[in-house]
Each structure stands twice: as C-alpha cells, then as structure tokens.
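Understanding the architecture of this molecule
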Amino acid sequence: MSSITSELAAVLATVRRPGDFFASGAIEFLAPQLEVEGVGQIALPLLSTQAKQLIAAAERAPYGRGEQTLVDTAIRRTWQIGPDQVRIQGRGWARTLSAILARVCDGLGVTEPVQAEFYKLLIYDEGSFFASHRDTEKAPGMFATLVVVLPSPSAGGELVVRHKDREVRLDLHCPDPSEVAFGAFYADCVHEVLPVTSGVRLALIYNLLRPEPGRLPEPPSYASQQTRLATLLQAWGAELSRSTTDAPEKLIFPLEHAYTSAQLGFGALKGADAAAAAVLRAAAQAADCDLHLALISVQESGSAEYTGYGSSYRRWSEPDEDEFEEVEVLDRYIALSTWRRPDGQPSVLGVIPVGDDELCPPDALEELEPDEEHFHEATGNEGASFERTYRRATLVLWPRQRFFAVLCQAGVAVTLPYLADLTERWLSSDEDHTSPLWGEAHELSGHMISSWHGQDGYPSREKAPTHATQMLILLIQLRNKSRLEAFLTTIAAGSGVYAEGDNDAIVQALGLMSPQRAAALTQQIITGNATTSLTACGNLLARLVASGEHGRGGDLRGAATALVEALPGDPQRAPAQGPWWQDQSLKPRLVIDLLEALCWIDPRLADDAAGYMLTWPQTYSLDTVLIPAMRTLVQSSIAREPPVQRLRDACLDHLRARIARPLVAPSNWSRATVLPCQCRHCTELSRFLADPEQTTWAFKAVEADRSHVEQTIQRAHCDVDITTDRRGRPYTLVCTKNHASYDRRAKQRRKDLEDVIHLGGGDVS
Ligand SMILES: O=C(O)CCC(=O)C(=O)O
Ligand SMILES: [Fe+2]
C-alpha cells in the first residue's frame, strides 16, 4: 500500500500560514480630494496640464546608498513631492485605504494590526524609472512598502518584485478610472520600476508598519515543504506510470473551512487552506501534476437503533431524531464534483468517483460532522435506518500525464463528448496520424476502452445511438484500426456491451479491416454474445454478408458455425433467463437473417440449421416463427435454396393438415365442457355449457365465487361472454354463450389458406 497519502498530509499539516512575498489587486474607489501645496486640487484621472504643474512643484527623487541619499537619474529618474506638501482627504479615502490594507494583509499573510504611513507622492513622466533596489527602513516597525497607483493614463512603468528565486511583474494600471491599483511587498524584496513609455504614472507610496513592538512580519516561507511535496508527487507519478501499481490514481486533500459551490475558488480560500493551496500549486507545477479544487460528497446509509424508550412522556408523539443511534454503515458512496481550475477556466470534469485509497490522510473523512442526517423508524419487515451526507471542499491532484485516466472515472457521459471534440478538431485540421490531436484521441480512447463496461440498467427507449456505436463511429472517423480492434474485442467479451443497434457501426468498422481479421472478430463477437443476443448476432452475420466484402464459403464459416452452435434447441434445456427487458423469445427475423447468411456462406450449414429447427418445433414454432419467416424468404433471393424449400415444405404440411380438419358451425347452443375445475360452481357452469337450449346463465354469488368462475371460463377459453349485473347484492355474473371458438377456427383457416398461397402451395380449397 502506497504511503503517499499520509506523507502528503503530514507535510501539508505544517503549512498553516497563507501569504506570499507580494500582494496586488485593484479596488473600486471614490476619488479622494488630493491637494498639493503650490498646485491646488488635483483632478482624477490626472490631466496633462496638472501633471506639468505637479512636476514643476516636485523635486528629483533621490535614492539611498549606505548612509547617503543621492540623486542620479541613471539610477532613479522620477519626481517626488513630500508628505508635508500633500493632503489626501475625502469621506471615501479612509475606507478605500483600509480595504486596500485588508487585501494586502491577506495577500502578505499578516494577521497582526498594520498601519499605513504616507511616505511620498511620485510622478513618473515619460522615460521615468527606478532601477533595482531594496527599500531602506524609513520608520521603526516598517516591514513592507505599499504602492497605490492613481488613475492617470500611462504605459510602461510596471513594478517588478523579486524574492529569493521568484519574480513577479505587477502592471498597476487601471483601465477603469473608478478603480485604483495597488501593489505591496515585503521590505526584503528587491524591486524596480520599468521605464514609463508614455503618459504619466501617479503613485502614492506608503510605509507599512507594525505599530506594536515585537517581531516584524516576514513572508511565509514553505520552500522546504514545497520541495518535499514536489519530490513526493514526482515519485507518485513515476509509480503510476508503471503497469502494475497499487498507487492511488488521484490524491484528495480535504480543506479545513467550509465553502459552498458558489464560494469555491482558488482566490477565495481562507487561512491555512490558502496556504496549502499555494504550496501545493507550486509543487504540482514542479512535479507536472494538475491541481483542482472540488467538492467531495459522502453519502452513507445503514442500520440504526431506537434508544428513546426511556422517555415515557413522549410515548404518543413521533420519535425524535436524537432518540436513535447508528449501528452500522451499510452503504457508502463518495464522489467529487464542482471542479475549479487554478486558472479559473471552466473544467470538463463531471462527477468522479473516489477510491478509498485516495484520501490524504487516509482517515481524513472520519469524525466529520454530517451536513444532513435522517433516521427512519422501523417498519413491518425492516429495522430502523439512517442516512447522512457530508460535503467538504478538497484539493485534488493527479499527474498531468494521467489526466485521461482520471477523466475516464467520470464515465462515458464526459469522455465521449471529449473524444468527439478531439476527433472533430483533428478532422478539420487536415493533419495525419502524427498530429498531437490524433495522439490525444488515441490515448484517451485507450483509457476509455480499458475501463469500458456494459450499459447500466436497461437500455433507454430512445433511438439515440448507444455509447458503443458513438465510440465506434469516432474511432472510424479517426481511422484508428488498433483501437477499433481493441474495442471490438471488448464488445466480443460480452457482459452487456453489445446491442443490436451497434451492428451498423460494427459492420462499418469491420470494413476497415482485412476480410480475414473482420471474420475472426465477428466470430468472437458471436461466440461472446449469442446466448444473450441471438437475434442481434444473426443480424450482424447477415449484414456482413450483405456488405459484399466476404467471399462465398470462405472466411465467415467460423462465425457462421459459432452462430449455428448457439441456436437453442430442447426447451427443457433453455438457458437461464436474462434481465427482464431482454426479450429472448425467438423471432422470425432470426430465421430470415440466419438462412440468408448461411445460404451464402455454406449451404450445408444452412441445411443443418433448417433440420435442427424442425427437430425442435416447440422452440421454432411453426405458427409464430417459421411461417412468418417463410413468408419473407419465399420472396427473397434464396427462395429456391434447398434449406428454404425444406422449411417451406414443413410449413405447408402443417398448414394443410390444419386446413383438412373439419370445420362446421355449431348447430345448437351446446358448447365444449372440459373444465379445469370440478367445484360446485364450475359443475353448474359445465351443465350450462352442455345444455343445447340455454343461452344465458345468471350466477348470483359473492365476489370470490364470481371471480373463480370467471377464471375458469377464461382458462378453458369457453365460448361465453361475461358481464356483471350490479343490481342487488351479491352481484350477478351474467354468462352468455357465443361462437368464439368457431370464429377463431374459421379465422385461422382463412389465414392458413392465405399462407399456403403465399408460400406457393397452390390452390387447396
Ligand atoms: O513607484 C513604485 O511602484 C515603487 C517606488 C519605489 O520603489 C520606492 O519609492 O522605493
Ligand atoms: Fe522602492
């Protein structure tokens, strides 16, 4: 058993504090009253005339080197106005600043109180910049710098911040004049302002201080955890790429805080969750893994015990939920859904099942508080039960190269549209099989085939193509012969993958292969499916013959023999019934398809099959199977083939024998009296039936007796119509004799005569 889940969780347990070495963003604001001594009120966005006035009132900004402050426009070229000359007021400004501070503290991971001290106003005109430097501590308690860029049209002037081996480039422009952009970074960061290429960049610089004494905040550093996680993830990925491994397919790390699906997103994680996500994100990147957020939901149900008997005052009220106790969890279902990607793009993933071995740590979901829990009282034959659900946000990882394996866990409802999209893009790219799109489709289809299983439940009534047909059509479009072979082999393996509706696509797929290979695969499909889908298999063979790809007597003989061997015979030895929705009764169409295929492939085999069917008339009923089949076959191209003639003759003999039986209309009202019951009432019924004069019999009796007599009439197919007279109790069953059995026989004879003519048996009347 792989220990990756415990190890990953152990490392992440030490990652508690969120935050990075920088923070940035934009925020809506109400323009402050900005007043500069010697210039007056400044309008925002900044006008170019006022920019000129500001520069006239400003001085060249110096930079610090050691103890000195120097002015050198080769190192720093920008204008500054000191805090004593600048007043920023207005109702909204204090609010804006504290909102900025809250976002900055979040981003830097600072939880203690922070004060922003205005340091200076900077005006960068075209060509202004500030080379790489580190800020000197300008006030006691200073731990970071905050830059607020006010609305003013400009280009260039990005702030580049470096910390250890990382670098970010902050573009603090706000296209919308109702927003200000801000950036902040810890004091130990080296940073620079790139040259402004046009317009003017107007920035307020603040020192961020910790007013209380104590250790200054520092950027959280999880470099060692990150390295350790990356190593763990890399080893896991390598393990998974081996063919035999018990490593989990994905890793699932439940978060601490609760998030609704609307709240779930990488930008909205709180506290330690944000810290874990940030570290995992970097480690995943380094180890070539995908990282997602998702909601895990656990549904449990099981047996419960009623424990509330003690409180007698409740006796007459409904039992209360907390008077139950769980006894045993009997059923548990865990799945992931509501996927969020780090880049905010929509995810193609749907509901994906969770393996027990994927949780980090393995006991992560134990001792959770359920979101919902219900107990149910015991009923007649079932004990008390409970059901409950848990929902949690999680971070989910898998090696990038295993993406398709994970996608397959979402099932064909997700993978088929994905494969269809790849196929369509490949088709319209006009590229060949070396195209990366084709490669992706090849890889995905491989995973799909190896995890393919039969239709769940009974097939829908809709005529939509089955999943197997959709898969075959995509593989045909991709001209991917190896995957087609593999998929046809999966279909051949039985277990409910194959359905008659797939024959069209199967024949098309087989058409891409050599006749020998196609024949071998057909034989496998028939061998694997004939017991459950005989009619479909017969139809497949007939279609294959009709496709004209296969020579007479040749390669299809094996498939044909397999089909003949699978024909049912002795009804005593019929195979066990399949699921209720599968109608396994023999259809005339099977006989038609079978003979059309066999007469072409091997007439001797066709003759064997015909003889076999005549041996088991109970299975191959003349009236419901063979005669209807012959009506079609005598019109077909194989009408003159000996096996067809043989079956036709048998049908004609059967019809003629029945026609020869006398048929006379009854001369009086006496009717057949052989009844399956001799009880008192049925004996009375029998007497009525035998009576040549009596046409109706009124049987006044309680419901049970009436319905018993009614059943006898139905079972014996008596020539009697029944109505119930509801006047007076008990009601009366009114039986009136008719000519039904004579009518039936007369109708049968008309049909028999017609069939004889249809089968070419000549005039027999
Ligand atoms: O203008 C900026 O974005 C940063 C200015 C700066 O680095 C400084 O004043 O020390
Ligand atoms: Fe600076």
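Up top you'll find the structure we're talking about.
Residues numbered from 1 in each chain as written. Chains lettered and ligands numbered in written order. Predicted model: local features only at pLDDT ≥ 70, side-chain atom pairs only at ≥ 80, totals over all residues. Heavy atoms only, no water.

A word on the pairing of strand E15 (residues 166-170). Sheet faces and side chains relate simply in a regular strand, where the side chains alternate between the two faces. With five bridges joining them, strand E14 (residues 159-163) and E15 adopt antiparallel strand pairing. From the neighbouring strand, Arg162 faces E15, where its bridge partner is Glu167. Between E14 and E15, which pair antiparallel one after the other, the connecting turn spans two residues, and Lys164 there sits at a positive phi close to 50°. (Pairing = 2+ DSSP bridges. Helix = DSSP H or I, 4+ residues; strand = E, 2+ residues; numbered from the N terminus.)

Let's shift gears to the sheet that holds strand E28 (residues 732-737). By definition, the strands of a sheet pair up through backbone hydrogen bonds, in either a parallel or an antiparallel sense. Pairing is antiparallel across the open sheet formed by three strands, whose spatial order is E26-E28-E27. Each edge of the sheet is formed by a strand with only one pairing partner; in this case those strands are strand E26 (696-700) and strand E27 (720-725). Here the average twist between neighbouring strands, direction ignored, is 20°. The pairing of E27 with E28 spans six bridges and is antiparallel. Bridge pairing links Ile722 to Cys735 in E28. Docked against the sheet, helix H19 (residues 680-690) engages E26, E27 and E28, running at close to 165° with respect to E26. In this fold helix H20 (residues 703-715) packs onto E26, E27 and E28, with an angle of close to 20° to the strand it touches most, E28. (Axes fitted to C-alpha atoms, helices over the stretch in contact; angles between N-to-C directions. Contact = heavy atoms within 4.5 Å.)

Before going further, it helps to spend a moment on the packing of aromatic side chains. Scanning the entire structure with this criterion turns up 15 aromatic pairs. Between Phe29 and Trp93, the aromatic rings sit 6.5 Å apart at their centres with planes inclined by 75°, giving edge-to-face as the arrangement. Placement of the pair is Phe29 in the loop between strand E1 (22-28) and strand E2 (33-36) and Trp93 in helix H3 (residues 91-108), with a sequence separation of 64 residues. Accessibility assignment for this pair places Phe29 and Trp93 in one class, buried. Following the ring pairs from residue to residue traces out a cluster consisting of Trp339, Trp398, Phe403, Phe404 and Tyr418. Positioned above the aromatic ring of Phe688 is the side chain of Lys737, whose terminal nitrogen or guanidinium carbon lies 4.5 Å from the ring centre. (Phe/Tyr/Trp six-rings, centres within 6.5 Å; stacked < 30°, edge-to-face > 60°. Buried < 20%, exposed > 50% of the residue type's maximum accessible area, 1.4 Å probe, protein only. Lys NZ or Arg CZ within 6 Å of the ring centre and 35° of its normal.)

Around a metal, the ideal angle is 109.5 degrees if four donors adopt a tetrahedral arrangement and 90 or 180 degrees if six donors adopt an octahedral arrangement. All of the protein donors around the iron ion (ligand 2) are His133 (NE2), Asp135 (OD) and His191 (NE2); their distances to the metal are 2.1 to 2.2 Å. Along the chain, the residues donating to the iron ion (ligand 2) fall in the pattern H-x1-D-x55-H. Of this pair, His133 sits in strand E11 (residues 129-133) while His191 sits in strand E17 (residues 190-193); the two residues are 58 residues apart in sequence, bridging distant segments of the chain. You'll find His133 and His191 in the same group, each marked buried. (Donors = N, O, S within 2.8 Å, 3.2 Å for Na, K, Ca; no water.)

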